[in-house]
Amino acid sequence: MLRGHPGSVDRMRTRCLFPLLLALLATACSEPTASGDAAATLPESEPPATNPRWLFEDVAAASGLSFEHWNDMRGELLFVEPVGAGGGLADLDGDGDLDVILLQGSALKPPDPTHPPVFPPPAQPGARVFRNDLQMLPDGQRQLRFVDVTEASGLRADGYGMGMATGDYDNDGRIDLYLANFGANQLWRNVSTDGQIRFEQQTEVAAVDDPRWSTSASFVDIDDDGWLDLYVANYVNFSLDRHRACRSGSGRPDFCGPNAYDGEPDSLFRNLGNGRFEDISRASGIQAEPSSGLGVVTADLDGDRRIDIYVANDLRRNLLWRNLGLRDGLPRFEDIALLSGTAVSMDGRAQASMGIVAGDLDGDGDDDLFMTHLSGDHNTLYLNDGRGGFIDASMNTGMAASSLPHTGFGTVLIDVDNDGALDVVVANGEVRVIEAQVQAGDPLPLKQSNQLLVNDGQGHFEDVSHQAGIEFQRLEVSRAFALGDVDNDGRSDLLLTNNSGPARLLLNRSNSAHHWIGLRVLTPSGRDALGLRLGIRSANGSWQWRRVATDGSYLAANDARVLVGLGDSADAVEVLAVRSDGSEQRWLDLAPDRYHELRLER
Amino acid sequence: MKRRRWALSRCRAWRGLALGLLLCACQPAEPPAIDVAPPPDLAQLDLAVREQFRQLWEADTRDWGALAQWFHVYRYPDSAERCYREAILQQPLEPRWPYLLALLLVEKSDPSAAEYLEAALALAPEAPQIRLQLADMARRQGQAEQAAEGYRAVLAARPKDAAARFGMGQLALQRGDAPAALEWLLPLAEEQPNAAELNYALGTAWRLQGDATRAAAALERVPDSNLHQLPLQRDDPWQAAMQQMDRGSRMLTRRGIRASREGDHARAARLFGAAVQSDPDGVEERLNWALALSQLGRHEAALAQIDAALNRSVADSDMQLRVRTEQARLLTLAGQPTQAERLLQALLDDHPEQLRARLELARLLHTRGDMSGALAQYAQLRAAGAASPELVFWQAAALLALPDRAAAAEQLRRDLHDDPERQRLQLLQWRLLATDPRADRQSLNSARDQTLALTPSPNVLQVETLAMLLAGSGDHERAARWQQAVVSALEQAAPAQAALVESLHIARRRLTLYREARRPLKAWEPTERPLALRIQVPGGG
C-alpha cells in the first residue's frame, strides 16, 4: 500500500501521531469543569429527556415494601455473612397480583457487648411476606401498596435465610414456599383462603429438611408424574465451629473462599403425591458429586424432553445433571457438564459461578445458559446447539468485557422493552473488599452497581446500565434479582435484594410502545405448569420459545407467568405448548396486550 | 515492505516520544502531592509483605513503578493506578508502566486500557506481550479480525509463540471452526501436554468435531481443581517479574502447590518454607511445609513443623483437628503407625464427628491388615452419610480381603444398585464370581467378555480381574498369559516405585496359581491396591 509512494511515510507519521496527541491532550491536560460553566447545565430550551428507552424506578419504600437485610456481621468475617439473602415473587393469595417474600439473616452468635453487630438487628426478625394490594385507579393508573402480613400468615422463618423456591407441591392450586437456610430448611404449605395469606409448616411431615448450608432450590417435575419434586443446592460444609481465619494474598484477614471448606452434595426429593417426599439424592446419582452449589435452574437442555438440572458451583466445576429417565422405577441422573462444554470456562478453569439462568437468548428455539462470576473473570454465556452441546459465546456476544469489573450474583432474562429479544440484568456486589471503599471507611466495602445488558435481537448484548436511570448506578451489595410483572402493566419488573441493605422493587418504566402477551399456563390440576415449553407465534410467523419456570437467578423465585414481547405486532398470536411426552396443545387468536390463563388438557 | 516497517517503527517512536513529552508537558510546575497512602490494614499484612512495603515507602528516592507493582500484586488497584500514572510521568520512556497500568484497567473494563497498551507498544515495539494483550483484549470484546491480526503479527516475529498460537486456536473455536482450531492446538499440546487451558480447548475442538472419545480423553487431562492446574506457559517477562515480587504467604503457597503438582517437591518445600517465613504464625503454611518435607523423606523436620502448627492453632478448631489428622498420617509415613493409631483414636474419642480423621484411621488399619478394625470405621463413615467412591470401594475390598464373601456380595449389590456406573465396584463383583467355585460358566463368560470390552488399553485392576475370570472358567493358559503381562509391567515399574513391590508379589503369586491350573482363592488381598498402571495386551490375548 505504501510501497513507492514518496509521501506516504510522512503522511503515516501524521496520521498515527495526531489522533494520539488529541486523545492524550484531551485526557491528560483537561481541567475539571468550572462551576457555572455553560456545559454543566442544560440550556433552558432543551428539557431533560423523559421516558428514556430503558428505565427502572425503585418504588419499594413508597409502596410499603420496607425491608432491610441484616447479616449479623461483627468483624469476624464469617463465611456466611456476604452470601445472602434472596427473595421471590409469587401470587400467594390467588388474587392475580404478585406478592413478595424476602429472606432475612439472623443472629449467628449470642449477644456479646464486646463484639456488637456492625448494623443493628431488624425490628421484625425473620423472613417477611408482603401482600400486594394492587389497585387500578379510575384514571387508569396502577397503585401499588404492600402490606406486611407475615405474622397473620403464620410464617415463622427465623433461620439464617438464604434462598427460596416456589411451586404448588400438593396440587391444590396455591403456591407453596421452600426456604433454604444456612441451617435447617423449611417447607411452608400455602393454605390461603378468601384472600388471606396463610401458611402451615410441613417440613417434617413432607421430610424435606436439609440441615446443611442450602442456597438455591427448585420445584421441578423430574419424573413427569404430575407432582413437583424438589432440588436443593447445597454450598459447603462451613459451620460456625468450622470457621477459619482466612487471609488475602497480602496476609490481610479476609472472607474465606469456597475452597477453604469441603463441598456438599445437593439434595433431590421425590414427591410421592401424598404430601410426603422421598430423599433420592443417593439413588438418583446426585449425591455422587459434592460441590459448592449456589444457583440452580431446570430445563430440557439436551432436547430429549426430560427436564435436566444445571447447578452453578462456586469455584468448582458446574454440574449438568442429564435426566436419564426412570431406572428400576427411580429417576436417574448423570453429570455431563464437562462433555457438554458447560463445566468450566473457555480456558478450562472452574469459575466462581453464582447466578444462573436458562433461556433462548439467541432465538434458535432451545435454552441457553448464562451465569455470573467474580470480578476479574467474565460472566459466561453458553449457547446450546439443541442437543445439549454448548459453546462458550461470552466473547462474541458482548457479555465478557462488560462483566470484568463486577462480581455478579442474581441474574434474570427480561425483555425490558418488549421487542421480543431477551435482555439480561445482573445484580452485582463484591466478596473481596474494594480498596476505595475501605479507604472511605465503609463498614461493608463490597458495593458495586448493577447492570442491564440489552439484546440487539441478533444475540449481541450492550451494557446500557448508564442509560437506565439511577437504579443501575447505586452502589450496593446486591444479591438476588427476581422477575415478575408486579403491577400487571405488561412490563417485567424486578425485585432486588441487597446484603445488609434495603430490598428494592424496580418498576419497569421503560418507554416502549411495543406489544406484549402474558400467559399463565396451568396443569389440569390447576398449578403452574413448571417446566412446560411454550412456543409463541406472532402474526408475522416468527416463533419465540419460553419455559414456564420460577427457578434460576440466585437465591430467588420468579413469577411463573410468561410475559412475551411482541415488538410492533398488534395482531393475535398463537401459543403452542409442548408437553414432555411430545404431545402438543394449541391456543389460537389470543389477543395481545393482556394476560391469558391457559389450562392444559389431561 | 522494509520501508513500511521502517515507517511503522518511526511512527511508534514518534508516538512514544509524543507520549513522553505530553505526559511531561501536562505536569504543573509544582506537581501536586500524589494521593497515595500506606494501606490502612498494613499492620495486618504478612511480615515479609510489610517489610517490602516499608523499604519501598521509606526509600530516599521513591520508585513509583516498584511501588505501583507492590500495590498491584497485593490487590490495591486504586493506589496502584495512581502510582503507575506517577511512574509514567517520572519515566516517560519506560514501557512497563503503561503496560502494567493497562492490565489493571483491563480488569476494570476501562476502555483507556487500549490506549495505554498502544503507548507501551510505541515505546517497545518489539515486546510481543503488548501485542498479545491487545489481541487478547480484542478477542474478549468479540473483535475477531483485530485479534487475529495481533496474533499474526506476533507469529510473524516469533512463529512458535505459545500464547499467540493458543489465541489463534481460541479464535477458531469461537467461530466454530474445529479443524482450524485443531491445527493450531495439536502441535502446541505436544509441547505443553499438561497445560489445562490447552487440554480444555482441545476437548472443545474434538467435541465440535463430533469425536466424543478424543474429547473425553483431552478433558480428562484437565484437573478438577483450579489450584492443581498448570497454565499455558506464556512469555511475559514484565508480568512474571511483577508476580515474583509477591512475597505473600498465599501466593508462595499457591506456587508451592503448583510445584508439588509438577512433582518438584524440593521446590515446593522451599516455597512453603518461604511462606512460613512470610507468615510465621500461619498454621496452614506450617502444615503445607510439613507435608512437603514429608514428601522429601524429612520426617523429623516435617513433624517439627506439625508441632509448631499445633502450638499456633486454636484449640479444637477445625484447623487444629486437621493438623492432628495430618500428624497421624505423617507419623504413619515416618514408620510410627502405632503412635498414629493412638493419636487418631484419641482425636475421635473427643470428636467422633471428624470424618477426615476416621477415614485416616480406617486407611491406617486397612494398610496394617486389620480388616475388622478398618471395616468398623468404614461402617461408621457410611452411617454418617459418607459415600465417596473411594470409601465405597475400600469397604467392599476389605470385606473381600477378610474374607466375608456374603457380606461383600450384599454390600456390592447395594452399592451397584445405587450407582451401576461404578466400574471398579463391578470389577470387584466379578472377582467375587471368579473365586466362587459354584459359579456357572455362563456367568463367568459373560463377566469375562464385559471385562475384555472395558477398554482397549486396560490397567492392572482390569487385567487381573480378567485373568481371574479366565482361571475361574478353566482357561488357565490364557489366564496365565494375561497375568504374565501384569507381572512384566510391574517388574518394569516397581524399581522406580517402591509402592508397587507388594502388588508385584501378589501378581506373581496369582501367576503361579494359574500356571498350576488352579483358580484364585481370594478376590482381594489385604495389601492389594487398585493400580491404574496400563498393561500391554499380550499376543493372542
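Reading the values: rules and limits
- Residues numbered from 1 in each chain as written.
- Chains lettered and ligands numbered in written order.
- Predicted model: local features only at pLDDT ≥ 70, side-chain atom pairs only at ≥ 80, totals over all residues.
- Helix = DSSP H or I, 4+ residues; strand = E, 2+ residues; numbered from the N terminus.
- Contact = placed C-beta atoms within 7 Å.
- Expected span 1.5 Å × (residues − 1).
- Buried ≥ 20, exposed ≤ 12 C-beta atoms within 10 Å, placed from the backbone.
- Pairing = 2+ DSSP bridges.
- Axes fitted to C-alpha atoms, helices over the stretch in contact; angles between N-to-C directions.
- Core = buried A, V, L, I, M, F, W, Y, C linked by C-beta atoms within 7 Å.
- Parallel < 35°, antiparallel > 145°, perpendicular 65-115°, else oblique.
- Left-handed = near helix turned anticlockwise from the far one by under 90°.
- pLDDT = per-residue confidence, 0-100.

Colleague: Explanation requested: the overall build of chain B in the structure shown.
Modeller: Along chain B, the regular secondary structure elements total 28 helices and 0 strands. Oriented by its inertia axes, the alpha-carbon framework of chain B measures out at about 100 × 60 × 40 Å. For chain B, contacts bridging at least 24 residues in sequence account for 52% of all contacts bridging at least 6.

Colleague: For this particular structure, what's the right way to read helix H20 (residues 355-367) of chain B?
Modeller: Since the α-helix packs 3.6 residues into each turn, any two residues three or four apart lie on the same face. All names here are of chain B. Compared with an ideal rise of 1.5 Å per residue, which puts 13 residues at 18 Å, H20 spans 18 Å between its outermost C-alpha atoms and is within 8% of the ideal. The element H20 is extensively covered by neighbouring structure, given that 10 of its 13 residues are classed as buried. For H20, the full list of buried residues reads Ala357, Arg358, Leu359, Glu360, Leu361, Ala362, Arg363, Leu364, Leu365 and His366. Taken together, the buried residues of H20 touch helix H18 (318-333), helix H19 (337-350), helix H21 (371-383) and helix H22 (389-401). Just past H20, the residue Gly369 takes up positive phi, approximately 85 degrees.

Colleague: Would you mind going over the sheet that holds strand S29 (residues 478-484) of chain A with me for this structure?
Modeller: Strand pairing in a sheet takes place through backbone hydrogen bonds and is either antiparallel or parallel in direction. Residues and elements named next belong to chain A. One open sheet holds the 4 strands; their spatial order is S1-S31-S30-S29, and the pairing between them is antiparallel. For this open sheet the edge positions go to strand S1 (56-58) and S29, each flanked by a neighbour on one side alone. Between one strand axis and the next, the sheet turns by 25 degrees as a mean value, whatever way the strands run. By the bridge criterion, 3 bridges tie strand S30 (residues 493-498) to strand S31 (residues 504-508) in an arrangement that is antiparallel. Across the sheet, the residue bridging to Leu496 is Arg504, located in S31.

Colleague: How should I be thinking about the nonpolar core in this particular structure?
Modeller: The tendency in soluble globular proteins is for nonpolar side chains to be buried side by side. In this structure, Met164, Ala217 and Phe481 of chain A are the most contacted members of the largest nonpolar core, which totals 224 residues. Ignoring sequence-local partners within four residues, the contact set of Phe481 of chain A consists of Gly410, Thr411, Val412, Val425, Ala427, Leu494, Leu496, Ser553 and Ala556 of chain A. Formed by 85 residues, the second largest nonpolar core is a distinct cluster that contains Val283, Leu427, Ala489 and Leu513 of chain B.

Colleague: Teacher, can you tell me more about the sheet that holds strand S38 (residues 584-590) of chain A here?
Modeller: Residues and elements named next belong to chain A. Sheet architecture is open: 4 strands sit in the order S34-S33-S37-S38, paired in antiparallel fashion. Across the chains shown, the open sheet's two edge strands, defined by having one partner strand only, are strand S34 (543-547) and S38. Geometrically, the sheet is characterised by an average inter-axis angle of 20 degrees between neighbouring strands, direction not taken into account.

Colleague: How should I be thinking about the packing of helix H17 (residues 299-312) of chain B against H18 of chain B in this particular structure?
Modeller: Any two packed helices are characterised by how steeply their axes cross, that is the angle between the axes, and by the distance between the axes. Residue and element names in this part refer to chain B. Closest axis-to-axis distance for the H17/H18 pair is 10 Å, and the angle between their directions is 165 degrees. Considering their axes alone, H17 and H18 lie roughly antiparallel with respect to each other. With respect to the hand of their crossing, H17 and H18 are arranged in left-handed fashion. Taken together, the residues of H18 that come into contact with H17 (itself represented by His299, Ala302, Leu303, Ile306, Ala309 and Leu310) are Gln320, Val323, Glu326, Gln327, Leu330 and Leu333.

Colleague: Explanation requested: the packing of helix H6 (residues 112-123) of chain B against helix H7 (residues 128-140) of chain B in the structure shown.
Modeller: Residue and element names in this part refer to chain B. Relative to each other, H6 and H7 sit at 155 degrees, their axes nearing to 9 Å. In terms of their interaxial angle, H6 and H7 are classed as roughly antiparallel. Where H6 crosses over H7, the handedness of that crossing is left-handed. Contacts between H6 and H7 pair Ala113, Ala114, Leu117, Ala120 and Leu121 from the former with Ile130, Arg131, Gln133, Leu134 and Met137 from the latter.

Colleague: I would appreciate a short explanation of the confidence of the model for chain B in the present structure.
Modeller: Close reading of the predicted structure is inappropriate where its pLDDT is low. Residue and element names in this part refer to chain B. Counting all residues, the mean pLDDT for chain B is 88, and 93% of those residues have values of 70 or more. With pLDDT under 50 throughout, residues 1-14 is counted as low confidence; its partners more than four residues away or in other chains account for 16 contacts. Segment residues 20-32: pLDDT under 50, and 15 contacts once partners within four positions in sequence are set aside and those in other chains are kept.

Colleague: Which parts of the structure should I look at to understand the pairing of strand S37 (residues 573-578) of chain A?
Modeller: Remember that side chains alternate between the two faces of the sheet whenever the strand is regular. Residues and elements named next belong to chain A. Burial of the side chains of S37 is restricted to one face: Val573, Val575 and Ala577 are buried, whereas none of Glu574, Leu576 and Val578 on the reverse face is. Bridging between strand S33 (residues 533-537) and S37 involves 5 bridges; their strand directions are antiparallel. Note that in S37 the partner of Arg537 across the bridge is Glu574. In this sheet, S38 lies alongside S37 in antiparallel orientation, the contact comprising 5 bridges.

Colleague: Just to check I follow, could you spell out the environment of Glu51 of chain B for this structure?
Modeller: All names here are of chain B. Relative to the assigned elements, Glu51 resides in helix H2 (residues 47-58). A tally of 13 C-beta atoms within 10 Å means that Glu51 is categorised as partly exposed. The sequence separation of Glu51 and Arg247 amounts to 196 residues, and the corresponding C-alpha distance is 10.0 Å.

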